[in-house]
Amino acid sequence: MHPLDRLFEKSSRSLAQRTSRRSFIAVLGQALTGSMLLPLLPIDRASRAEARTSPPDSEGAHKAPSDDPQSCEYWKYCAIDGFLCSCCGGSSHTCPPGTAMSTIAWIGTCHNPGDGRDYILSYNDCCGKASCGNCSCNRNEREKPLYRLSRNNDINWCIANTESDYHCTVSLILGVTET
Amino acid sequence: MSRWRWPGVALAAGVGVSTGALASPAQDYALHCMGCHGATAEGVPGKVPGLAHTLVQFMRSAAGRSYVLRVPGASNSMLSDAQLAEVLNWIAGHFGADQPAAAVSPFTAQEVAAHRRMPMASVQATRREVVKELAATGSAPAEDY
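1. Let's talk about the overall build of chain A
Check the secondary structure of chain A and you find 3 helices and 6 strands. Listing every helix and strand of chain A by position from the N terminus yields α-α-α-β-β-β-β-β-β. Relative to its 179 residues, chain A shows a buried fraction of 34%. Restricting to contacts in chain A with at least 6 residues of sequence separation, those with at least 24 account for 72%.

Here you go:
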């Protein structure tokens, strides 16, 4: 007998002595059940669905800067998290009619590739109407966790307004950072 | 001379366009304080305490100074002790025109270091006590917040 045949025969017999057909069926059954249950595990579908339905969303991935204030890649939006007011009847720095600018805000800094300077920006929410739902934009440059409250942009900054419903977010230039 | 171009005008107009470079500590105020206390440090009535005019009032007493350094926004800020002292002195001078900051001693990094890490169990209760004491000797901030 060929040595290779002997080796396979030996290993097959050894396997047969250590296992039974019943245990093989049990393992196969577990594998099949597991593969069927895998899609039911609680994975984050919402963010993926949002990314599919609301272009030009952006989160994390660095894309080429845009000059379009309705694009999430517009340079002023580097630390934004919310719906762009420029897609909601306002502009990049003005609230849509019927909403009021939040009295408190998240402050961030963004680099403007147009002039090569870094700007301090105030991200104010526009308040008083239900969420706009257009142009969701979630970029988080230099954002900190919630325990750094003033550096976290997941907060509804409308909380200090009389009408605290969040509608969309604007970006105001406060000045150029000191070099 | 400060290179800071105060953004209050731009904010009030809703235009948000200013190209002035921000010099420290004005820049520190913009980055670490202005989001809540506002461009003119007036705060939000009933929600966020103002710093304009009131900070100088707190600086009149030892208890008031300690309170200012221990409130969460100051003690938990990402500013160093020296930066916090500098920005507080700047706020007092910049937004306390009716009570010149020269009338009170400025904060030092050593003073900040000695107080900011002492936990304050109740901001409201401490504020009430401090304000009561200040009111007995002169002008005092509002009790609420």
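Next comes the rest of the account.
2. What about the overall build of chain B?
Tallying secondary structure elements over chain B gives 9 helices and 0 strands in all. Its helices and strands in sequence order give chain B the pattern α-α-α-α-α-α-α-α-α, from N to C terminus. Contacts in chain B between residues far apart in sequence, at least 24 positions, make up 60% of those at least 6 positions apart.

3. Some points on the environment of Glu 73 of chain A
All names here are of chain A. Checked against the element boundaries, Glu 73 lands in the loop between helix H3 (46–53) and strand E1 (81–83). Looking at Glu 73, the number of C-beta atoms within 10 Å reads 17, which means it is partly exposed. Along the primary structure Glu 73 and Pro 113 are separated by 40 residues, whereas in three dimensions their C-alpha atoms are 12 Å apart.

4. Quick word on the confidence of the model for chain B
Residue and element names in this part refer to chain B. Mean pLDDT over chain B works out to 83, with 80% of the residues at or above the 70 mark. By mean pLDDT, the top-scoring element of chain B is helix H8 (residues 109–115) (98), and the lowest-scoring one is helix H1 (residues 8–13) (34). Taken together, the stretch residues 1–19 has pLDDT below 50 and engages in 36 contacts with residues farther than four places along the chain or on a different chain. Here the prediction assigns the complex a pTM of 0.71, and the interface score ipTM is 0.74.

5. Quick look at helix H9 (residues 123–135) of chain B
Residue and element names in this part refer to chain B. If you check H9, its first and last C-alpha atoms are 18 Å apart, about what 13 residues at 1.5 Å a residue would give, namely 18 Å. For H9, the set of buried residues is Arg 127, Val 130, Val 131 and Leu 134. Viewed along the axis of H9, the buried residues span an arc of 100 degrees, placing them on a single side of the element. More than 90 degrees from the buried face of H9, the exposed residues found are Ala 125 and Lys 132. Lining the buried residues of H9 we find helix H4 (54–58) and helix H5 (62–70).

6. What about helix H7 (residues 81–94) of chain B?
Structural remark: α-helix, 3.6 residues per turn; residues separated by three or four positions point the same way. Its 14 residues give H7 of chain B an end-to-end C-alpha distance of 20 Å, which sits within 8% of 20 Å, the value for a rise of 1.5 Å per residue. Next to the buried residues of H7 of chain B lie helix H2 (26–32), H4, H5, helix H6 (72–75) and H8 of chain B.

7. What to know about the nonpolar core
Core analysis: the largest hydrophobic core is formed by 68 residues, its most contacted members being Leu 121 of chain A together with Tyr 29, Ala 30, Leu 55, Val 87, Leu 88 and Ile 91 of chain B. Setting aside chain neighbours within four positions, we find Leu 88 of chain B in contact with Leu 55, Val 68 and Phe 107 of chain B.

8. With respect to the environment of Gly 93 of chain B
Along the chain, Gly 93 of chain B turns up in helix H7. Judged by C-beta crowding, with 15 C-beta atoms within 10 Å, Gly 93 of chain B ranks as partly exposed.

9. Focus on the packing of H5 of chain B against H9 of chain B
Residues and elements named next belong to chain B. Contact geometry of H5 with H9 gives a least axis separation of 9 Å together with a crossing angle of 150 degrees. The angle between H5 and H9 places the two elements in the roughly antiparallel class. Where H5 crosses over H9, the two elements pack in a sense that is left-handed. Here Ala 63, Gly 64 and Tyr 67 of H5 lie close against H9, whose contacting residues are Thr 126, Arg 127, Val 130, Glu 133 and Leu 134. Across the contact of H5 with H9, the residue classes tally to 4 nonpolar, 2 polar and 2 charged.

10. With respect to the pairing of strand E4 (residues 117–127) of chain A
Residues and elements named next belong to chain A. For E4, the tally of buried residues reaches 9 of 11 residues, placing the bulk of the element in the interior. Looking at chain direction, strand E2 (residues 100–101) and E4 are connected through 2 bridges and run antiparallel. Residue pairing across strands places Met 101 opposite Cys 126, the latter belonging to E4. Hairpin remark: strand E3 (residues 106–112) followed by E4, antiparallel, with 4 residues in the connecting loop; positive phi at Gly 116, about 75 degrees. Alignment of E4 against strand E6 (residues 166–176), held across 9 bridges, turns out to be antiparallel. Bridging across to E6, Leu 121 finds its partner in Ile 173.

11. So, the environment of Trp 157 of chain A
Residue and element names in this part refer to chain A. Relative to the helices and strands, Trp 157 resides in the loop between strand E5 (136–138) and E6. Judged by local crowding, Trp 157 falls into the buried class, with 25 C-beta atoms found within 10 Å. For the pair Trp 157 and Asp 68, spaced 89 residues apart in the sequence, the C-alpha separation amounts to 25 Å. Setting aside residues no more than four positions away along its own chain, Trp 157 makes contact with Ser 102, Ile 104, Ala 105, Trp 106, Asn 124 and Asp 125.

12. Re unusual backbone geometry
What is expected of a backbone is that most residues other than glycine have negative phi and most peptide bonds are trans. For Cys 135 of chain A, which is not glycine, the phi dihedral falls at a positive 50 degrees. On the neighbour-count criterion, Cys 135 of chain A (23 C-beta atoms within 10 Å) is buried. The backbone of His 53 of chain B shows a phi angle near 70 degrees, a positive value even though the residue is not glycine. With respect to the element layout, His 53 of chain B can be found in the loop between helix H3 (34–37) and H4.

Conventions we followed
Residues numbered from 1 in each chain as written. Chains lettered and ligands numbered in written order. Predicted model: local features only at pLDDT ≥ 70, side-chain atom pairs only at ≥ 80, totals over all residues. Helix = DSSP H or I, 4+ residues; strand = E, 2+ residues; numbered from the N terminus. Buried ≥ 20, exposed ≤ 12 C-beta atoms within 10 Å, placed from the backbone. Contact = placed C-beta atoms within 7 Å. pLDDT = per-residue confidence, 0-100. Expected span 1.5 Å × (residues − 1). Arc of directions from axis to C-beta. Core = buried A, V, L, I, M, F, W, Y, C linked by C-beta atoms within 7 Å. Axes fitted to C-alpha atoms, helices over the stretch in contact; angles between N-to-C directions. Parallel < 35°, antiparallel > 145°, perpendicular 65-115°, else oblique. Left-handed = near helix turned anticlockwise from the far one by under 90°. Nonpolar A, V, L, I, M, F, W, Y, C, P; charged D, E, K, R; others polar. Pairing = 2+ DSSP bridges.

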